[in-house]
Structure formats: C-alpha cells, structure tokens
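A structural walkthrough
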Amino acid sequence: MTDNYKYFTSENGPSLEEVLANREKRISKIRFLEQKYPENPVLCFKLNIPGKEKTNASVFRIFEIGIEDIKSVLDTNDILFEKEEDLVTGPEFYLVISIDPFLLKRKMTDLEENSYFGRLFDIDILYKGQNIDRKILGKGPRKCFLCDNDAKVCARSRKHSVDEMIRWIEKMIDESGGLNER
C-alpha cells in the first residue's frame with residue numbers, strides 16, 4: 001500500500017507461504033471441529049480485504065462488527081464453541097452452534113447481503129464435510145464490491161485494481177460515520 005490511504009497505510013502483509021500455510025491450518029481446525037461436533041454446523045468467518053495488508057485497526061473493528069452482527073441473528077444459548085484468532089493473514093472467527101445448517105447459511109447470507117459491512121464478510125458454513133453453498137439456497141453468486149457483477153469473475157480477471165477496492169472500503173468506512181461510532 002501507499003500512504004495515500006486513510007485506513008490502509010502499511011506495507012506489512014502476509015507472504016504467500018503464510019497465506020497457504022494458514023489455509024491448511026484453517027481446514028484442519030474446521031475438520032477438528034466437525035469431528036468434535038459431528039451433528040452441528042461449523043461457521044468460519046473472515047473478511048474479504050483486497051491487497052496485502054490484512055491487519056490494522058480498521059480491519060479489526062470491521063471484524064468485530066461482523067461478529068456482533070453474526071451473534072445478533074443467533075440464539076447465543078445454542079452456541080457450543082467459539083474462538084476468535086488474530087493472525088497475520090487476517091482475523092478469523094470459528095463458531096459451532098446447534099441450528100439447522102441451511103437456516104444458518106440463510107441467516108449468514110442475509111448478513112453478507114444486508115449488513116452495512118456485509119460485502120466485506122466471508123462467512124462459510126460447513127456441515128458433515130460439505131461447504132453449504134449459496135446455490136443450495138437458490139442464491140446467486142456473491143456480488144463484486146464495485147460493479148455488482150459476480151465477485152469471482154471480477155477477481156479472476158482482475159477487473160478492478162486493489163487501489164479502487166481499497167478506496168471503496170475507505171469511503172464505506174467514512175460514510176458509516178467512522179468505526180468508533182458503531
């Protein structure tokens with residue numbers, strides 16, 4: 001990044017090796033939770049933050065807002081396990097809850113689509129070794145931050161620059177009234 005940004009100012013970010021190693025660790029954590037709680041869905045929450053910088057005060061605050069949003073639509077009495085981790089590759093949150101996995105996916109998809117910072121949320125629901133996909137609910141693919149097209153298509157084709165996406169996130173933060181106000 002450059003110092004042209006208000007909230008994203010650091011060049012520090014995870015290496016490709018760290019990202020790949022963390023992906024393997026995340027899969028192992030999810031498999032462990034699935035084995036420990038075989039009758040319950042596992043929720044894994046991360047943020048979609050473009051660029052190299054994955055950890056800063058703004059990222060952590062948006063992440064905390066995401067956890068608050070997630071818990072606000074659940075019966076917290078049904079939570080069997082939860083853990084938050086602050087990693088160089090970005091924060092992660094794991095939750096196991098006693099709820100129908102498809103209902104949980106529907107609630108999380110609604111958050112991703114309707115919460116103020118929902119476009120930045122990456123909430124996966126895993127149940128019995130399967131990722132509960134949006135398609136199962138009859139939902140279309142996730143939308144791009146900038147153009148409302150399929151996010152995966154834009155990402156693969158690199159349709160938008162990291163600079164454009166970071167500026168969109170910073171504008172979103174500013175228009176929210178600031179992260180300290182929420």
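Structure's up top.
What this report covers is the structure whose coordinates are included nearby. These numbers come from a predicted model, not from an experiment.

Brief notes about the nonpolar core
Counting residues in hydrophobic clusters, the biggest one holds 35 residues, and the most contacted among them are Leu43, Phe45, Leu47, Met108 and Phe117. When contributions to this core are tallied by element, the ones reaching two or more residues are strand S1 (42-47), helix H2 (57-72), strand S3 (92-97), helix H3 (101-114), strand S4 (121-127) and helix H5 (162-175). With six residues, the top contributor of residues to this core is H2. By size, the runner-up hydrophobic cluster in this structure holds eight residues, among which are Ile30, Leu33, Tyr37 and Tyr94.

Section: unusual backbone geometry
Within the chain, Asp148 stands out as a residue other than glycine whose phi angle is a positive 65°. Residue placement: Asp148 occurs in the loop between strand S5 (130-131) and helix H4 (151-157). Unusually for a residue other than glycine, Arg158 sits at a positive phi of about 55°. On the secondary structure map, Arg158 appears in the loop between H4 and H5.

A short note on the packing of aromatic side chains
Summed over all chains, the structure comprises five aromatic pairs. Considering the side-chain rings of Phe45 and Phe121, the 5.3 Å spacing of their centres and the 85° angle between planes classify their relative orientation as edge-to-face. Taken together, the residues span a long stretch of sequence, with Phe45 in strand S1 and Phe121 in strand S4 at a distance of 76 residues. In this structure, Phe45 and Phe121 share a single accessibility class: buried. Ring geometry for Tyr116 versus Phe117: centroids 4.8 Å apart, planes at 85°, classification edge-to-face. Since its relative accessible area comes to 0%, Phe117 is described here as buried. What links up through ring pairs into an aromatic cluster is the set Phe45, Phe63 and Phe121.

Examining the pairing of strand S2 (residues 79-85)
Examined bridge by bridge, S2 and S3 share six bridges and lie antiparallel to one another. Bridge pairing in S3 links Glu82 to Leu95. Where S2 hands over to S3, the hairpin turn is made up of six residues, of which Gly90 adopts a positive phi near 115°.

Quick word on the pattern of salt bridges
Taken as a whole, this structure holds 17 salt bridges when the rule is applied. Here Glu68 makes a salt bridge to Arg61, at a shortest N to O gap of 3.4 Å. Of the residues examined, Glu68 reaches a relative accessible area of 43% and is grouped as partly exposed. Taken together, the salt bridges that share partners define one network made up of Asp110, Glu112, Glu113, Arg134, Lys139 and Arg142.

Here is what the cut-offs are and how they apply
Per-chain numbering applies: the sequence of each chain, read as written, is numbered from 1 onward. With the structure being a predicted model, the display of local features is reserved for residues of pLDDT at least 70 and the display and counting of side-chain atom pairs for 80 or more, all residues being used for whole-chain, interface and lining totals. The side-chain quantities take in all heavy atoms of the structure and omit both hydrogens and water. Throughout, nonpolar core names a set of buried Ala, Val, Leu, Ile, Met, Phe, Trp, Tyr and Cys residues whose side chains join them through atoms within 4.5 Å. The rule is simple: take the accessible area with a 1.4 Å probe, protein chains only, and divide by the maximum for that residue type; under 20% is buried, over 50% is exposed, in between is partly exposed. Strands here are runs of E lasting at least two residues and helices are runs of H or I lasting at least four, both read from the DSSP assignment and numbered beginning at the N terminus. Aromatic rings from Phe, Tyr and Trp, taking only the six-membered ring of Trp, are treated as a pair when their centres fall within 6.5 Å; an angle between ring planes under 30 degrees marks them as stacked, one over 60 as edge-to-face, and anything in between as tilted. Pairing between strands requires that DSSP locate at least two bridges from one strand to the other. Counted as salt bridges are all cases of a side-chain nitrogen of Lys or Arg within 4 Å of a carboxyl oxygen of Asp or Glu.

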